[in-house]
Amino acid sequence: MAEKIWDLKWMAWEITSKCNLKCVHCRSSSGIHSAVGDFTLEKAKKFVDELTEFAKPVVVLTGGEPLMREDVFDIAAYGTEKGLRMAMATNGTLVNDETCEKIKAAGIRIVSLSLDGSTPAVHDDFRQQEGSFQAVMDAAAYFRKHDIKFIINSSFAKRNQHDIVATYRLAKSLKPTAWYMFLIVPTGRGEELMKELISKEDYEEILNWHYEMERGEDEIMVRPTCAPQYYRIWADRSKEAGLDKERRNLSFGTGGGKGCIAGQTIALVNSKGDVLPCSYFPVTAGNVFETPFKEIWDGSKLMNDMRNFKEYEGKCGVCKHLGVCGGCRARAYAVSGDYMAEEPFCDYIPANYICK
């Protein structure tokens, strides 16, 4: 068990599993007929009370589609009242003037939108819903109109990796606070995309493109997500560029942070009350209706396995970049069935690694 006290800084909270889309990569396999979940408004408030006794993380209300829950703004307002920094993730289809007014009234500080292509053809194919591209465009316009900060998340697989650069350019034109590039993790409905996972070679090329793009980007924040090996690329390339360690950390804005932070500074609580290390990790560390959240966060075997870097296996366990990367634990589990195994989509071979 790790000795360090791990601070919870960011938590995704799936307040409903209902959704009006059926995206091919969805981690929760949500649907229009899915149950709301076990968090009644009363239980949701009780959970907020419990959470704020030991942590004040950014809380992202998610789903499913959180706007399909009628009392979503009651939950958000209560979290705000208790001192939490509340955020929300939406697919944009239910955003209008009234929604925006309620977002502001509830104290929601920022909203995320998902844009997975630069055209309706690419995005709607990924989201499996005609018109979903236009919904994102409309939602972004509503957010700008009402002066609501928003970020754009873009997920990529083989089917849309050709559109990454164009998607970034379109996302930037919508004037978000940040653009996050997600390289999908095959979990939930995303397991059906195993054959569409981006290859190791392409993965490396994409992350190097992101490095070049980010070095020249000064208008919005850009970050690759679920791609911890980017930290390895950044460390090596910025060192080659002659930046000293302090300047490398400042320019990246991480302060020497680590790539995969599942179970270290982030967690997911799903609609059934299960606590997971991140939004794409399918193994639960406990349930908040059975065990106090703090007890799960501090003492569960799964969470502490995530933090025990010395026990990571394969290439990850001997890699000199372990401290800044760590590999994706969810992707390792999806491919090998072992969350401590090496990152399966990293093309880097440590100098001291002996192939077995």
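Residues numbered from 1 in each chain as written. Predicted model: local features only at pLDDT ≥ 70, side-chain atom pairs only at ≥ 80, totals over all residues. Heavy atoms only, no water.

Note the threshold: UniProt positions are given in the numbering used here, feature names are shortened, and annotations may be inferred rather than shown by experiment.
In the annotation of an unreviewed UniProt entry, the protein chain is listed under the name Radical SAM protein with 4Fe4S-binding SPASM domain and assigned to Seleniivibrio woodruffii. Here the protein chain is described in UniProt, under the heading Cofactor (unreviewed entry), as follows: "[4Fe-4S] cluster".

### What to know about the sheet that holds strand β10 (residues 286–287)
The criterion, for reference: In this scheme, strands are said to pair when DSSP sees at least two bridges between them. Only DSSP runs of H or I reaching four residues or more are called helices, and only runs of E reaching two or more are called strands; each is numbered from the N terminus. By the convention used here, residues are in contact when the closest approach between their heavy atoms is within 4.5 Å. In this analysis, axes come from line fits to C-alpha atoms, helices being fitted only over the stretch in contact, and the angle between any two N-to-C directions falls in the range 0 to 180 degrees.
The mixed open sheet is built from ten strands, whose spatial order is β7-β6-β5-β4-β3-β2-β1-β8-β9-β10. Taken across any chain shown, the strands that pair with only one partner, and hence form the sheet edges, are β7 (221–225) and β10. As paired elements, strand β1 (residues 10–14) and strand β8 (residues 266–269) share four bridges and run parallel to each other. If you follow Ala-12 over to β8, its bridge partner there is Leu-268. Of the strands in this sheet, β1, β2 (58–62) and β8 are in contact with helix α1 (residues 41–52), which crosses β1 at around 165°.

### Considerations on empty space enclosed by the protein
Basically, it comes down to this: With a 1 Å grid spanning the protein atoms alone, the term cavity applies to any set of points in which a 1.4 Å probe fits but cannot get out, the term pocket to an open set with protein on both sides within 12 Å along at least five of seven lines, and the term lining residue to any residue with an atom within 4 Å of a point. Grid points are joined across faces, edges and corners, and a volume is the space filled by probe spheres set on the points. Note that Gly is not counted as nonpolar here; it falls among the polar residues with everything else outside the nonpolar set of Ala, Val, Leu, Ile, Met, Phe, Trp, Tyr, Cys and Pro and the charged set of Asp, Glu, Lys and Arg.
Per the stated rule, a full pass over the model turns up three cavities of 30 Å³ or more. As a volume, the largest cavity reaches approximately 110 Å³. Classifying every residue of the lining of the largest cavity gives seven nonpolar, three polar and four charged. Empty space within the second largest cavity amounts to approximately 60 Å³. Lining the second largest cavity, in full, are Phe-156, Leu-183, Ile-184, Leu-197, Ile-198, Tyr-203, Arg-331 and Phe-345. Its residues placed into classes, the lining of the second largest cavity shows seven nonpolar, no polar and one charged.

### A few points about the pairing of strand β6 (residues 178–183)
Quick reminder of the rule: Note on exposure labels: buried denotes an accessible area under 20% of the residue type's maximum, exposed denotes more than 50%, and partly exposed covers the range between, all computed with a 1.4 Å probe on protein chains only.
Burial analysis of β6 places five of its six residues in the buried class, the great majority of the element. Here six bridges tie strand β5 (residues 150–156) to β6, and the two strands are oriented parallel to one another. Bridging across to β6, Ile-152 finds its partner in Trp-179. Sheet topology places β6 next to β7; five bridges connect them, and they run parallel. By the bridge assignment, Ala-178 is partnered in β7 with Met-221.

### Concerning the pairing of β2
Counting buried positions over the five residues of β2 gives four, a clear majority of the element. Bridge count for β1 against β2 is five bridges, and the pairing is parallel. In the sheet register, Trp-13 faces β2, and the bridge partner there is Leu-61. When β2 meets strand β3 (residues 85–90), the two strands line up parallel, connected through four bridges. Across the sheet, Val-59 pairs through a bridge with Met-86, a residue of β3.

### Let's talk about the pattern of salt bridges
When the charged atoms of two side chains lie near each other, side chains of opposite charge can form a pair. Heads up, the rule is: The salt bridge criterion pairs a side-chain nitrogen of Lys or Arg with a carboxyl oxygen of Asp or Glu, the two atoms within 4 Å.
Overall, the coordinates contain 15 salt bridges when judged by the stated rule. Here Lys-82 and Asp-49 are joined by a salt bridge, their closest N and O atoms 3.6 Å apart. Taken together, the residues span a long stretch of sequence, with Lys-82 in the loop between α2 (72–81) and β3 and Asp-49 in helix α1 at a distance of 33 residues. Judged by its relative accessible area of 32%, Lys-82 is partly exposed. Between Lys-301 and Asp-305 there is a salt bridge whose closest N-O contact spans 2.7 Å. On the criterion of helical spacing, the pair formed by Lys-301 and Asp-305 is a turn pair, its members being four residues apart in helix α11 (residues 301–307).

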